[in-house]
Amino acid sequence: MKEFKSESKRLLELMINSIYTNKEIFLRELISNSSDALDKRKFLSLTNDKASADFEIVISLDKDARTITIKDSGIGMDESDLEENLSTIAKSGTLAFKQKIAKENPKDAGQIGQFGVGFYSAFMVAKKIEVVSKKFDSKEIFLWTSYGVDGYDIKKVSSTQLSEKQSLLLDKNGGITIILTLHDDDDDFRYSQFLNDDTIEELVKKYSDYIRYPIRLEETIEVEVVEKNSKETKNSKKQKAKANETKPPLNSMIPIWKKPKSKVKEEELNEFYMTEFSDFSPPLKHIFASMEGTISYNTLLFIPSKLSDEFMRGEKISYGLKLYCEGVLVMEKCSDVLPEYLSFVKGLVDSSDLPLNISREILQHTKHLKIISRSLEKKILDEFRKTLDNDRELYEKIWREFGTALKFGSYEHFGVRKDSLKDLLLFNSSHENKLTTLKEYVERAGVSQEYIYYAVGESAEKIKKSVHCGAVLERGYEVLFLHDKIDEFVMKVLMEYGEKKFLPVTSPDAVELSNDEKDELLKEEDTAKELLTFIKTHLKGKIFDVRLSTKILDHATSLTSEGEITIEMEKVLGSVPSPNSKLQPPKAKKILLINPNHSVFQKMQQALKDDHSLLRNYSDLLLSLAMLGVGLPVDGGELSELVQRTI
Ligand code: ADP
């Protein structure tokens with residue numbers, strides 16, 4: 001007897017002791033595994049005759065022995081597959097489940113059964129599980145047995161060693177036979193309900209109707225007699241086989257995406273999504289479409305409720321849609337049918353127009369996939385546009401999760417997609433602290449406003465307090481609040497919207513002065529020429545220029561910049577670790593602004609006359625304060641020393 005790995009053991013314990021009432025989902029899970037195994041084999045059979053078989057799933061019930069037997073003619077597993085797949089939790093569904101319970105209180109795991117919990121869910125109903133397995137291209141048969149947490153056994157067996165029930169379904173094809181011996185009924189749960197034909201039929205219809213392979217219920221086995229050569233047994237075997245042929249499958253076998261849209265209920269789609277894509281929550285939105293064109297295809301797409309954990313952790317994830325060709329699953333994750341920025345979209349594409357001489361390598365390069373990709377992208381963006389127009393609340397939910405991805409799409413490749421994406425972008429704004437589209441902003445701004453103002457910062461509160469933003473807000477302009485690192489790059493790529501240029505509030509052009517104000521400032525600048533030159537010379541290398549400004553409210557000083565790299569960009573670029581440490585990230589051309597109406601200005605004028613060392617201190621101090629004000633890093637020790645020298 002081998003032990004399960006400790007984490008698998010813990011999961012098993014949870015399964016077995018689960019007070020979860022929806023134990024019935026074990027059937028869906030096992031059928032779904034069988035269907036996957038059949039998919040794999042069917043794919044192989046296109047190029048390998050040995051792999052062809054009667055692709056089907058057969059269930060049989062034995063009331064006396066309390067067993068449910070599920071057989072498929074799928075790809076099967078050899079010894080190492082069994083070890084790897086059934087004896088440790090390393091696979092998608094169960095792994096996701098494990099992560100979920102690790103995060104949450106296991107006692108609350110009440111909803112687990114709604115999701116892909118995989119093979120182990122069978123332990124919710126079975127005290128013993130036997131898996132008889134023969135890989136399609138092998139003669140060897142293995143028997144995997146487990147009574148639950150204690151561990152499992154794998155042994156090689158010959159067909160003569162198997163009981164009738166074990167061998168019965170492992171006939172010509174190979175594949176997997178799973179025999180579940182159910183728990184005894186107790187006060188809490190009547191396990192024997194699963195030994196009833198009608199119950200099984202109902203469950204298959206409820207959860208597995210869309211499975212593309214026939215699921216048959218074999219005639220109930222009354223007694224298990226293994227008497228070789230007994231005439232009676234042979235007869236009963238024959239009867240069973242006959243019953244098989246005539247009984248129609250329990251499932252309609254019409255994949256959910258091939259059913260008429262009106263016939264598919266939302267719950268069905270949600271169930272389908274959660275099982276097929278191992279998610280714990282229903283999707284925010286589905287897109288169900290059948291497209292006609294150069295290439296015709298059916299598609300069923302889902303917008304998950306959350307960014308995946310891998311994505312959050314910044315791991316490189318493989319993405320893509322399931323690709324079916326004439327009902328055969330050709331590729332589990334085909335990334336060629338989706339542009340990368342839409343990698344959060346899950347779902348499938350089924351087309352009979354793909355070349356059937358399938359080799360995955362060749363397929364990857366076919367132009368068909370490009371055509372599908374373009375048409376899918378268009379479809380998805382159209383659906384987003386409709387959602388934005390008709391269900392703002394839902395769109396904002398989608399935006400909160402995946403907005404960054406859409407922004408990335410609008411900005412990558414120098415903005416080739418900006419026109420199709422710009423109307424889908426949302427921004428926080430000073431207008432009622434709500435999310436706004438650019439169209440809405442421009443409508444509110446009216447024709448006379450020249451720019452679309454934006455300010456960058458961690459939070460709306462912080463931005464509003466900043467000097468530059470305050471000055472723009474004071475003049476009654478609406479300001480977009482950008483919190484995302486890539487936002488400013490998006491602005492650069494978009495350049496303008498509705499004939500209004502984007503302008504950072506820190507730009508010298510952000511606030512227009514009246515003619516009188518301008519005259520006044522020019523005069524001041526004239527008299528302060530000597531002072532400004534002194535400061536500029538002293539701060540050489542650190543700043544590009546020094547100017548007087550009355551646009552910074554009542555602050556003494558601030559920073560702005562000129563040219564392509566803004567101060568916000570300098571911050572972002574500085575925070576990205578450079579692969580070559582010798583390469584300095586580009587810096588903004590900084591302009592130190594001094595408020596001539598502030599008392600420090602008079603003090604500096606005075607110092608210019610009688611105390612140059614004090615003036616140097618003032619200049620250093622102003623620069624430090626200005627840097628702090630816009631969120632650039634300042635050495636605390638130096639600043640402290642400087643302040644003490646100056647006051
Ligand atoms: P998941 O289905 O989410 O990957 P499971 O725990 O249900 O997780 O199954 C683990 C693995 O065992 C599967 O990924 C598959 O490789 C293998 N497996 C399960 N059932 C079958 C089957 N009927 N035929 C072949 N392989 C199977």
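Since the structure is predicted, the reported quantities are computational estimates derived from the model, not experimental observations.

## Points about the side chain of R66
Link 1 in the chain: Topologically, R66 is positioned in the loop between β1 (57-62) and β2 (67-72).
Link 2 in the chain: If we skip the residues at most four places from it in the chain, R66 touches L180, T181, L182, H183, D184, D185, Y191, S192 and L195.

## Comments concerning the packing of aromatic side chains
Link 1 in the chain: Within this structure, the stated rule accounts for 22 aromatic pairs.
Link 2 in the chain: Ring centres of F55 and Y213 lie 6.4 Å apart, and the angle between their planes is 50 degrees; on these two criteria the pair is classed as tilted. Of this pair, F55 sits in the loop between α2 (25-45) and β1 while Y213 sits in the loop between α6 (197-208) and β7 (215-218), and the two are 158 residues apart along the sequence.
Link 3 in the chain: The class of F55 is buried, set by a relative accessible area of 16%.
Link 4 in the chain: Note that R28 overlies the ring of Y207, its terminal NZ or CZ placed 5.4 Å from the centroid.

## Quick word on unusual backbone geometry
Link 1 in the chain: The phi dihedral of M253 is positive, around 65 degrees, even though this residue is not glycine.
Link 2 in the chain: Relative to the elements of secondary structure, M253 occurs in the loop between α7 (231-246) and α8 (266-276).
Link 3 in the chain: Overall, the relative accessible area of 29% leaves M253 in the partly exposed class.
Link 4 in the chain: Within the chain, E499 stands out as a residue other than glycine whose phi angle is a positive 65 degrees.
Link 5 in the chain: Structurally, E499 can be placed in the loop between β17 (496-497) and β18 (500-504).

## Side note on the environment of L608
Link 1 in the chain: Mapped onto the secondary structure, L608 falls in helix α21 (residues 599-610).
Link 2 in the chain: A residue is classified by how much of its surface remains accessible, and L608, at 13% relative accessible area, is buried.
Link 3 in the chain: Taking C-alpha positions, L608 is 8.4 Å from E530, a pair spaced 78 residues apart along the chain.
Link 4 in the chain: The contacts of L608, once residues within four sequence positions are left out, are E530, L531, F534 and L615.

## Observations regarding the nonpolar core
Soluble globular proteins tend to bury their nonpolar side chains together.
Link 1 in the chain: Residues F384, Y453 and L480 are the most contacted members of the largest nonpolar core, which totals 73 residues.
Link 2 in the chain: Excluding anything up to four places from it in sequence, Y453 contacts Y441, V472, Y477, E478, V479, L480, L503, V505 and A510.

## A short note on the confidence of the model for the protein
Link 1 in the chain: Model confidence for the protein is summarised by a mean pLDDT of 85, while 85% of its residues fall at 70 or above.
Link 2 in the chain: Considering only residues more than four positions removed or in separate chains, one finds that residues 221-228, a stretch of pLDDT under 50, has 14 contacts.
Link 3 in the chain: The model gives residues 237-244 a pLDDT under 50, and that stretch makes 9 contacts with residues more than four places away or in other chains.

Quick notes on the rules
- Residues numbered from 1 in each chain as written.
- Predicted model: local features only at pLDDT ≥ 70, side-chain atom pairs only at ≥ 80, totals over all residues.
- Heavy atoms only, no water.
- Helix = DSSP H or I, 4+ residues; strand = E, 2+ residues; numbered from the N terminus.
- Contact = heavy atoms within 4.5 Å.
- Phe/Tyr/Trp six-rings, centres within 6.5 Å; stacked < 30°, edge-to-face > 60°.
- Buried < 20%, exposed > 50% of the residue type's maximum accessible area, 1.4 Å probe, protein only.
- Lys NZ or Arg CZ within 6 Å of the ring centre and 35° of its normal.
- Core = buried A, V, L, I, M, F, W, Y, C linked by side-chain atoms within 4.5 Å.
- pLDDT = per-residue confidence, 0-100.

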